[in-house]
Amino acid sequence: MSVVSVTQWKSKLALPFLSRCLAAATRPASLVGIALLAAALTIPAAVAQKIALSVDPSKSGAKIDRNLFGQFAEHLGHGIYDGIWVGPDSAIPNTRGIRNDVVAALKAIKVPNVRWPGGCFADDYHWRKSVGPQRPVTLNPNWGGVTEPNTFGTNEFMDFVDQIGADAYISVNVGSGTPQEAAEWLEYMTSEQPTALARERAANGHPDPYKVALLGLGNESWDCGGNMTPDYYVSQMKIYSRYARNFNPAQHDASQMRKIAVGPGGDGPRWTAWTEAVMKAYQQHTWSWDINGLSMHNYTVGHWPPSYASVGFGETEYSQILKLTLETDALISKHSAIMDRYDPDKKVGLFVDEWGGWYAPLPGSNPQFLVQQNSMRDAVLAALNLNIFARHADRVRGSNIAQMINVLQAMIITDKEKMVLTPTYYVFKMYVPFQEASFIPVTFEAGWYTHGDVALPRVDAIAAKGANGKLWLEITNLDPDQPVEIEASFAGVTAKSAAGETLTAPKVDSVNTFEAPNTVVPKPISAKVQGGKLTLKLEPKSVTVVSVE
Ligand code: AHR
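The present account deals with the structure reproduced in this document. Computed from a prediction, not measured in an experiment: that's the story for all the values here. (Residues numbered from 1 in each chain as written. Predicted model: local features only at pLDDT ≥ 70, side-chain atom pairs only at ≥ 80, totals over all residues. Heavy atoms only, no water.)

1. As for the site of the ligand
Put simply, the rule is: If even one non-hydrogen atom of a residue comes within 4 Å of a molecule or strand, that residue is called near it. For the purposes of these results, a polar contact is taken to be a pair of N or O atoms within 3.5 Å, where, inside protein, one atom must be able to donate a hydrogen and its partner to accept one; residues adjacent in sequence count only when each atom of the pair is a side-chain atom. Only the protein chains shown count as cover for residues, and the accessible areas themselves come from Shrake-Rupley with a 1.4 Å probe. Residues are grouped as follows: Ala, Val, Leu, Ile, Met, Phe, Trp, Tyr, Cys and Pro are nonpolar; Asp, Glu, Lys and Arg are charged; all remaining types, including Gly, are polar.
As a matter of local geometry, the ligand sits amid 14 residues, with Glu74, Cys120, Glu220, Tyr299 and Glu354 nearest to it. Within the contact set of the ligand, an oxygen atom lies 2.7 Å away from a side-chain nitrogen or oxygen of glutamate 74. In isolation the ligand has 290 Å² of accessible area, and contact with the protein removes 100% of it. Class assignment of the residues belonging to the shell around the ligand gives a composition of seven nonpolar, four polar and three charged.

Below you can see the structure in the form of C-alpha cells.
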C-alpha cells in the first residue's frame, strides 16, 4: 500500500493563474488587478479555453503493451464469490458457475490478463484446497475472517479467463507457502507429461496444459506477504524463480511465462531500497534463476485508513484526489531510474499490478470488503493513470487496476442478479484501441485548473498509432466546470475526418446505479476537421477518445 500524506501535496502547490491575479489585486489602487480577479472568478461556464495540441505521428515511440490494461481479482469481499462465481446451480445465468453477464461485459473491454488469487490472500492461499471434488472450507484471515468455500479454484479461474479471452497472472504463495507447493502448482497447471499432477488436472476436467502468462513471486512481501527485509525477500525470490517452472511446451518460445518479483509499494527510502535490492540481484543473476518484471503497488488514497468518500463529495475532494493520483508519474520515474542503472536494456518490465482509488468503505458495508462507489472522478483518475503508464511504456509493461468486480475501483458492481458497469469500465472500453498501439508524442500547453489551494493541468492527452495504422487521440479535461476547445494538428498528416466518444457526467461524483445505469456512459462526440486540423469541444470533467483519418 502506498501511503501519501495530504501535507505532501499541499506543500507542492503551484498556483500560477489565480495567484497572479491575487498578487495584482492586493497591490494598493490596483484596479486592474481587482478587475482581473473578478474576471477570473466569473468566467461564464460556456466559455471554452482554447488549447492547441501538436501530434507528431512520425515520432513513433514504445509499444503500449496490452497488459497495461490488466485486471486484478482477489478473494476479498464479493470480488470472486457473487462477482464472478455463482455456482452452476444458481438461477443467475452462468456457464459452469461463472456469470454470463460479467463475462460478456469483460469480453467487451478485451481484458489482457487477470491477476489472481491475491493480493494479501495469495500468501495465505494453498492451491490444493480448491481443486478436485473435496474442497474444505477454510478461512480468509486477511479480509474479514470470513469463510472461504474454495469452490472457485485453479480450474474455475482458468475457465473464467478462457471465457473472457484473457491470460492468467498467477501469484504464488511466498509468505506462508513453500517452493515445493509453488513448484507443484505450476506442474499441475502446465505439465503435458502424464505425471500424477497432470493426470489429476485431467481428471478435474482439463487434459491440456494451461497457459500461465505471468507469475507473481509473492505479493507485498514487505508487509502482508511476510514482512520480509529486502535481502530476505531476494533470497526467497531466487528460490521461487528457480523452482516455479512452467512445463507447457507451448510456452517455451516467445510466449514464455514472465516472472514478476515483488517491488515497491510507495514513495520514500524504504521503497527505493527495495527496488535497489531486487534490481541489484537481477543484474547479477545466473542461468539458474531470472525475473522479467518488478511489481509496483500504488493506490490513490490520501492517508490511512482511507477516508475520502467515494460518492457524495464535491470539487475539493475531486481536485485533491486528482492531484494525488498525478504523483504516480514521479513515482514511476523514480523507480524506473533505479531500474535503468541495473538494467539499461530494459529487459525487466515494471508492472503496476495494483493501482486505483481507495476510499472509505460505503456506509453499511463490511469495512473489510473494501466496497466503494465509482464516480466520474474515478473515470478521470483512470484516464490520467493509463496515460502515465503509456508515457512510460518503454519500462511499464503491465498494470492491474484494483479490483475488477465489487472491490475498490471496480469495473463492475453486482448485487445478486443485478449488474452495473462503472465509469471506470467505460474508460477501459474507450482505451481498447490503445492496446498494442505505438505511443506518439503530443505537445501542448495544458494551462491550469485551480480549486482552493490545488492547481492541476487543465488537460491531459496521449496519442498512438494502432496496429492497423489508425491514429488515436485521447484528451482528458480535468476542469469540472469549464469546457475546453482543442485544436489538434498532425505533423506530416492532413486530417480528413475524425470520430469518437466522450465520457462526462452532470457532477464530479455522478455514479451509475442499478436503478440509473446510464448516468455516466460514453456518447459520440462531434469533431470538426478543417484545413487538416481537428477541432473538438470537450465538456468539463470528460474523457474523450477519437480516431483521426
Ligand atoms: O487490493 C487490496 C489489497 O491491497 C491487496 O490484497 C494487497 O496486496 C494491497 O495491500
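2. A word on the nonpolar core
Worth spelling out the cut-off: Among buried residues, those of type Ala, Val, Leu, Ile, Met, Phe, Trp, Tyr and Cys that are joined through side-chain atoms within 4.5 Å constitute a nonpolar core. With a 1.4 Å probe rolled over the protein chains alone, any residue whose accessible area is under 20% of its type maximum counts as buried; one over 50% counts as exposed, and the rest are partly exposed. Only DSSP runs of H or I reaching four residues or more are called helices, and only runs of E reaching two or more are called strands; each is numbered from the N terminus. In this analysis, two residues are considered to be in contact whenever any of their non-hydrogen atoms come within 4.5 Å of each other.
Formed by 121 residues in total, the largest nonpolar core has its most connected members in Leu106, Val114, Phe157, Phe160, Ile170 and Met237. Ranked by residue count, the leading element in this core is helix H12 (residues 376-391), at eleven residues. The contacts of valine 114, once residues within four sequence positions are left out, are Gln71, Ala73, Phe157, Phe160, Val161, Ile164, Ala166, Asp167, Ala168, Tyr169 and Met404. In terms of nonpolar packing, the next biggest core, distinct from the first, is built from 24 residues, Val55, Ile475, Phe490 and Leu534 among them.

3. Digging into the pattern of salt bridges
Any two side chains of opposite charge can pair, given that their charged atoms come close. Condition: Salt bridges are counted wherever a side-chain nitrogen of Lys or Arg sits within 4 Å of a carboxyl oxygen of Asp or Glu.
If you walk through the whole model with that rule in mind, you get 22 salt bridges. Among the ionic pairs, aspartate 415 bridges to lysine 416, the shortest N-O distance being 3.8 Å. Exposure remark for aspartate 415: the relative accessible area of 31% places this residue in the partly exposed category. One salt-bridge network, in which partners are shared between bridges, spans Asp340, Asp343, Lys346, Asp394 and Arg395.

4. A word on the sheet that holds strand S24 (residues 523-525)
Heads up, the condition is: Strand pairing requires that DSSP identify at least two bridges connecting the strands. Working convention: axes come from line fits to C-alpha atoms, limited for helices to the stretch in contact. Angles between N-to-C directions cover 0 to 180 degrees.
Strand order in the open sheet made by the six strands is S16-S20-S21-S27-S23-S24, with antiparallel pairing throughout. The sheet terminates laterally at strand S16 (438-440) and S24, the two strands that pair on one side only. When strand polarity is set aside, the average angle formed by the axes of neighbouring strands in this sheet is 25 degrees. Both strand S23 (residues 498-503) and S24 contribute to a ladder of three bridges, which runs antiparallel. Bridging from a neighbouring strand, glycine 500 pairs with isoleucine 525 of S24. Contacting S23 and strand S27 (542-548), helix H13 (residues 423-430) runs over the sheet at an angle of about 165 degrees to S23.

5. What about the pairing of strand S13 (residues 396-402)?
Taking burial as the measure, the seven residues of S13 include seven buried ones, the bulk of the element. Pairing of strand S2 (residues 70-72) with S13 involves three bridges; the strand directions are parallel. What sits directly across from glycine 70, in S13, is asparagine 400. Where strand S12 (residues 349-357) meets S13, four bridges bridge the pair, whose relative direction is parallel.

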